[in-house]
Amino acid sequence: VTGAAHFPASIDARTVTQIREAVTAVLTHGDDLFLVRRQPYLPAFSGYWAFPGGKVDKADSAEALAHPLLRGHPPQLLRALARELDEELGYDLFSAVHAGEVLSVTHIGEATTPDFQVLRYRTHFFRIDLRHAPALTVDQNEAAESAWRPAADWEQRFRHGRLLTAPPTRNVIRWLADDAAHRTALPDFDYHVDVNLHMPWVEQLAGLRILLVRSNTLPPADRTNCFWLGDSGSRRVLIDPSPASREELARLCTVIDEFGVDEVFLTHHHPDHREYANEIARRYRVPIAMSADTRARIERRSPGFFEGLTVKRYAEGDVLTTWLGEKVVLYAVPGHDEGQLAVMPESRSWCIVSDLIQGIGTVVVGGPEGNMRKYFDSLQRVIDWDPAVIIPSHGMALGTTHRIRETLQHRIKRESQILELHQTGAAPEAMLPIIYAGLDPRLTPLALLNINSHLQKLRDEGRLPS
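Treat the numbers as computed from the prediction; the structure is a model and nothing was measured. (Residues numbered from 1 in each chain as written. Predicted model: local features only at pLDDT ≥ 70, side-chain atom pairs only at ≥ 80, totals over all residues. Heavy atoms only, no water.)

A.B. asks: Whenever I open this one, the pattern of salt bridges confuses me. Can you help?
C.D. replies: Working definition: two side chains of opposite charge can pair if their charged atoms are close together. This model, assessed by the stated rule, comprises 32 salt bridges. Glu110 is paired through a salt bridge with Arg122; the nearest N and O atoms lie 3.8 Å apart. Of this pair, Glu110 sits in strand β6 (residues 102-112) while Arg122 sits in strand β7 (residues 120-130); the two residues are twelve residues apart in sequence, bridging distant segments of the chain. Arg122 gets classed as partly exposed once you look at its relative accessible area, which sits at 23%. Residue Arg159 is joined to Glu155 by a salt bridge in which the shortest nitrogen-to-oxygen separation is 3.0 Å. Here Arg159 and its partner Glu155 are both found in helix α4 (residues 151-159), four residues apart, which amounts to about one turn of the helix. Connected through salt bridges with shared partners, the residues Asp57, Asp60, Arg83, Glu84 and Glu87 form a single ionic network. (Salt bridge = Lys/Arg side-chain N within 4 Å of Asp/Glu carboxyl O. Helix = DSSP H or I, 4+ residues; strand = E, 2+ residues; numbered from the N terminus. Buried < 20%, exposed > 50% of the residue type's maximum accessible area, 1.4 Å probe, protein only.)

A.B. asks: Where do I start with the nonpolar core in this structure?
C.D. replies: Across soluble globular proteins, nonpolar side chains have a tendency to be buried as a group. In this structure, Leu211, Val264, Ile280 and Ile288 are the most contacted members of the largest nonpolar core, which totals 28 residues. If you list the elements that add at least two residues to this core, you get β10 (208-214), β11 (223-229), α6 (246-259), α7 (277-284) and β14 (288-291). Among the elements that line this core, the one with the most residues is α6, at six residues. Of all hydrophobic cores here, the second largest spans 27 residues; its members include Leu78, Leu85, Phe126 and Leu130. (Core = buried A, V, L, I, M, F, W, Y, C linked by side-chain atoms within 4.5 Å.)

A.B. asks: So what exactly am I meant to see when it comes to unusual backbone geometry here?
C.D. replies: Only a minority of non-glycine residues have a phi that is not negative, and only a minority of peptide bonds are not trans. In this structure, Pro220 follows Pro219 across a cis peptide bond, with omega equal to 10°. The residue Pro220 is located in the loop between β10 and β11 in this model. Unusually for a residue other than glycine, Asp240 sits at a positive phi of about 55°. For Asp240, a relative accessible area of 0% translates into the label buried.

A.B. asks: Would you explain the confidence of the model for the chain in this entry?
C.D. replies: As a general rule, the predicted coordinates of low-pLDDT regions are not to be interpreted in detail. Here the chain averages 90 in pLDDT, and 91% of its residues register 70 or above. In the model, residues 1-17 has pLDDT below 50 throughout and makes 48 contacts with residues more than four positions away in sequence or in other chains. For residues 189-196, every residue scores under 50 in pLDDT, and the model assigns this stretch 33 contacts once sequence neighbours within four places are set aside. (pLDDT = per-residue confidence, 0-100. Contact = heavy atoms within 4.5 Å.)

A.B. asks: Looking at this structure, I do not really get α6. What am I missing?
C.D. replies: Its 14 residues give α6 an end-to-end C-alpha distance of 20 Å, which sits within 8% of 20 Å, the value for a rise of 1.5 Å per residue. Packed against the buried residues of α6 are β9 (201-205), β10, β11, β12 (237-239) and α7. Gly260 sits one or two positions beyond α6 and adopts a positive phi of about 90°. (Expected span 1.5 Å × (residues − 1).)

A.B. asks: Looking at this structure, how should I read the pairing of strand β15 (residues 311-314)?
C.D. replies: Put simply, side chains in a regular strand alternate between the two faces of the sheet. In terms of strand pairing, β14 meets β15 through four bridges, oriented parallel. When the sheet's bridge partners are listed, Ile288 is paired in β15 with Val311. Assessed by its sense of winding, the connection that carries the chain from β14 through helix α8 (residues 292-301) to β15 is right-handed. (Pairing = 2+ DSSP bridges. Right-handed = clockwise from strand over helix to strand, strands pointing away.)

A.B. asks: Where do I start with the pairing of strand β18 (residues 341-345) in this structure?
C.D. replies: Of all five residues in β18, five are buried, a share of seventy percent or more. Burial along β18 is two-sided: Leu341, Val343 and Pro345 facing one way and Ala342 and Met344 facing the other are all buried. Bridging between strand β17 (residues 326-332) and β18 involves five bridges; their strand directions are antiparallel. Of the residues in β18, the one forming a bridge with Val329 is Met344.

A.B. asks: Would you take a moment to explain the side chain of Ser104 for this structure?
C.D. replies: Considering the arrangement of structural elements, one finds Ser104 in strand β6. A relative accessible area of 19% means that Ser104 is categorised as buried. At 3.0 Å, the side chain of Ser104 and the side chain of Asp129 are in polar contact. Residue contacts for Ser104: discarding those within four places in its chain leaves Leu69, Arg127, Ile128 and Asp129. (Polar contact = N/O pair within 3.5 Å; in protein donor to acceptor, adjacent residues only side chain to side chain.)

A.B. asks: Explanation requested: helix α5 (residues 167-178) in the structure shown.
C.D. replies: One turn of an α-helix holds 3.6 residues; hence residues three or four places apart share an orientation. With twelve residues, α5 extends 16 Å from end C-alpha to end C-alpha; this agrees with the ideal 16 Å at 1.5 Å per step. For α5, the buried fraction is high: ten of the twelve residues fall into the buried class.

A.B. asks: It is not clear to me how the state of the cysteines should be interpreted in this structure. Could you clarify?
C.D. replies: Taken as a whole, this structure holds zero disulfides when the rule is applied. In this structure Cys226 is not part of a disulfide, and its nearest cysteine sulfur, from Cys253, lies 10 Å away. The thiol of Cys351 is unpaired, and the distance to the nearest cysteine sulfur, on Cys226, comes to 17 Å. Taking relative accessible area as the criterion, Cys351 reaches 0% and is therefore assigned buried. (Disulfide = S-S within 2.5 Å.)

A.B. asks: Just checking my understanding: could you explain the packing of aromatic side chains for this structure?
C.D. replies: The geometry of an aromatic ring pair comes down to the distance between the two centres and the angle between the two planes. One pass over the full model with this rule turns up ten aromatic pairs. Judged by centre distance (5.3 Å) and plane angle (50°), the ring pair of Phe34 and Trp148 falls under tilted. Highlighted residues: Phe34 in strand β3 (residues 32-38) and Trp148 in strand β8 (residues 143-150), separated in sequence by 114 residues. On the basis of relative accessible area, Trp148 is assigned to the partly exposed category, the value being 23%. Aromatic pair Trp228 and Phe259: ring centres 5.4 Å apart, planes at 50°, arrangement tilted. (Phe/Tyr/Trp six-rings, centres within 6.5 Å; stacked < 30°, edge-to-face > 60°.)

What follows is the structure in structure tokens.
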């Protein structure tokens, strides 16, 4: 999907065996196109606008289908499609075909989940042209809302930053909006990689590109999201570049060469958000920017990091750049790190929360830079802002503040558990196997930091003796 996402093309045999088949229904009626917004609590693509569909099951029969509109397509895929439409929308596809309500069924392409994702699907997209727009009963367990709109309207919503969607879905929308008169085949549908670029990136919201940079971060994550934003004529900002190696740095620089950069910005001081960031600033002769606290911590941990660089200091309320004509403002969100800054446009269409939450794994709160009480306050602050999309530094963008709310409630429950265990006389080390059952041994010191941070918060609040 050129201009929307770039993914590595190589897939080894081990990975291929893990790919599952899936189907998606692109329902159209005239120029109108049907999409659903997935529930924000779903584990994948939470809060995204998408086409209805799902994975192919072994129980989906491969027996031939007789109707002319259905012949020529793999029967198992069509039966999976019919099953998903019935489960999600209460729509009987085969009955509609036999009743003459379906004008055509066309396989328009397929998209394979990139090879850096754990769960991978080869999704087959079927365009189903309908004589009339049917009354559909959306499964509320799957979708928060749904709508029929002209493809051009969906495309405009994306361009205006009001549509969170995966690159293949956006590619279909754009194709239908641009080529409504010749909807027969979808060129360049699948994920691919430009020969001049070797760094995967996605644009799930218009004007905000997420570069998926392999970094020296904590497991289970192995990448730190690097963000590129800035309108034409405004400051082009690269946020948290942190390649794990010089080879990854070279791949990242091929993308920077393509996009351009006027400033490097660091959300906080942790190494998996700034490794080689100083070299990038030197190479492109641009300033490097951050909060005063972040600068001080980096200087203490890495003397010489800023040598020869122009260093800018940002604080809450400062404007970083513009996005779709809006000011992008910085906000203090301490807790995980004292100097951490969040990034959000004035419309609150999205918020880059850095390590306030994670889409992969859990956040560590501890050490000299961590404060559990401030962490709770920062979570609540984002909940009160209520941005439409939450974007963490590890993992996918998330629709609504559901995951932030879930994280806060989880931390509140964990704190109650720690308080109860402490009252029984349990030391932090004894709490570990109870609270973090099955924990990767490499993460034991970090889990202890979390427990001790909760205990310190309880002391600060007078709920435990100092």
